[in-house]
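# Observations on the model geometry
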Amino acid sequence: MTALIRNPLTIVWALLTTVTIASSLIALDGGASHHINTTVTTAVLLIAAVKTFLVIWHFMEVRRAPLWLKATTSGWVLALFALLLTFYFASL
Amino acid sequence: MTDVARGSTPQVDKPVRAEARGQVPGDSSMWFFVIGDLLIFGGYFVGYMYYRGRNHELFLAGQAQLNLDIGTVNTIVLLTSSLFVALGTAAARVGNRAESLRRFWMALAFGAAFPILKLFEWIPEISRGLTPGKDLFFMYYYVMTGLHLCHVALGLVVICFIIRNVKESVAPKISFVETGATYWHMVDVLWLVLFALLYLMR
């Protein structure tokens, strides 16, 4: 059991769960009024980008994969969130 | 966790650590499917953001109707299921079949909770008149979460196959376990983006 708790995968999961709760609290606290809020949007999208990267890197074991797979998957995360933030800010 | 079966399974697919191989986890054709799916969903996500930008008020009003609590719990449920899949894969790799099996059963239990919670979310929403035809936000909401739910359903079947593989085979096919695991983690990744776009952003 202790080995399971100390497992690096469990530590990644704990981090993912913590930031998930944090992002919901940010949305509740700063965005409960349901008006445009660039701070909340930037924060939750950046947190989501970090979360997707952590799942790809550690759970999908891309950190041990060849360079082409590391580049493709990381490129997807970067390009997607850059586009999402660009479209969001361009529309304000 | 020890390499208990390492010496006893000299056949094909004997447990080998992924870090020692430095190769693509699982079948590389699954990775092409995963990348294709990520790109297709990426298109939906950017399309959603574009249409949202043309009518922020409509999308914000739609978001206000969603159940953030269930959305948050479901995100944690999928993350936990993914953790058990990753732990189960690691155990299968070192030949610890009993532990691997336990972990994949846990992954299946958490994974199965996702569609159940989704029903608890959708049914009250639909009964309140929040149907896909209500407006563009709800069209996107049901189409994207519905497509994702189809992926979850297929993923649950994949986990069942992994369990059968680990349970019935003396030397489980590690590449099969890794391939299935890769698919399940992709389902998790897609949800993390959906959760931010539909429930969290303002």
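Calculation criteria
- Residues numbered from 1 in each chain as written.
- Chains lettered and ligands numbered in written order.
- Predicted model: local features only at pLDDT ≥ 70, side-chain atom pairs only at ≥ 80, totals over all residues.
- Heavy atoms only, no water.
- Helix = DSSP H or I, 4+ residues; strand = E, 2+ residues; numbered from the N terminus.
- Buried < 20%, exposed > 50% of the residue type's maximum accessible area, 1.4 Å probe, protein only.
- Contact = heavy atoms within 4.5 Å.
- Polar contact = N/O pair within 3.5 Å; in protein donor to acceptor, adjacent residues only side chain to side chain.
- Buried area = accessible area lost by both parts, 1.4 Å probe.
- Salt bridge = Lys/Arg side-chain N within 4 Å of Asp/Glu carboxyl O.
- Nonpolar A, V, L, I, M, F, W, Y, C, P; charged D, E, K, R; others polar.
- pLDDT = per-residue confidence, 0-100.
- Expected span 1.5 Å × (residues − 1).
- Core = buried A, V, L, I, M, F, W, Y, C linked by side-chain atoms within 4.5 Å.

Further remarks concern the overall build of chain A. Scanning chain A from terminus to terminus reveals 4 helices and 0 strands. The N-to-C order of helical and strand elements in chain A reads α-α-α-α. Residues counted as buried form 45% of the 92 residues belonging to chain A. For chain A, the share of sequence-separated contacts (at least 6 apart) that also reach a separation of at least 24 residues comes to 60%.

Here we come to the side chain of T179 of chain B. As for its placement among the helices and strands, T179 of chain B is situated in helix α7 (residues 174–200). Within the structure, T179 of chain B has its side chain in polar contact with the backbone oxygen of S175 of chain B (distance 2.6 Å).

It is worth spelling out the interface of chain B and chain A at this point. Taken together, the contact pairs 48 residues of chain B with 47 residues of chain A. Of the roughly 4,200 Å² buried where chain B meets chain A, counting both sides, 79% is carbon and sulfur surface. Taken together, the links from chain B to chain A amount to 1 salt bridge. Across the pair R93 of chain B and E61 of chain A runs a salt bridge, and its minimum N-O distance is 2.7 Å. At 12 residues, the largest contribution of residues to the side of chain B that touches chain A is made by helix α2 (residues 28–54) of chain B. By residue class, the composition of the side of chain B that touches chain A is 31 nonpolar, 12 polar and 5 charged.

Looking now at the confidence of the model for chain B. Residues and elements named next belong to chain B. Taken as a whole, chain B shows an average pLDDT of 90; of its residues, 89% reach a score of 70 or greater. In the predicted structure, residues 1–20 sits below a pLDDT of 50 and forms 38 contacts with residues beyond four places in sequence or in another chain. Two numbers describe this predicted complex: its pTM, 0.92, and its ipTM, 0.97.

For helix α5 (residues 97–127) of chain B, spanning 31 residues, the distance from its first C-alpha to its last is 46 Å, which sits close to the expected 45 Å at 1.5 Å a residue. Positioned one or two residues after α5 of chain B, G129 of chain B has a phi angle of 90 degrees, which is positive.

So, about helix α6 (residues 136–168) of chain B. The terminal C-alpha atoms of α6 of chain B, which comprises 33 residues, lie 48 Å apart, in line with the 48 Å expected from a rise of 1.5 Å per residue. Backbone nitrogen of F137 of chain B and a side-chain oxygen of the N-cap are separated by 3.0 Å at the start of α6 of chain B; the cap is D135 of chain B.

Once that is clear, we can look at the pattern of salt bridges. Residues and elements named next belong to chain B. Here the structure, examined in full by the defined rule, presents 7 salt bridges over all chains. The salt bridge involving E99 is made with R102; its shortest N-O contact spans 2.7 Å. With E99 and R102 both in helix α5 and 3 residues apart, the pair spans about one turn of that helix. Residue classification places E99 among the buried positions, given a relative accessible area of 18%.

Nonpolar side chains tend toward joint burial in soluble globular proteins. F81 and L84 of chain A together with F45, Y141, L197, L198 and Y199 of chain B are the most contacted members of the largest nonpolar core, which totals 87 residues. Among the elements that line this core, the one with the most residues is α7 of chain B, at 19 residues. Residues contacting Y141 of chain B, with those up to four places away along its chain left out, are L66, K118, E121, W122, E125, G146, L198 and Y199 of chain B.

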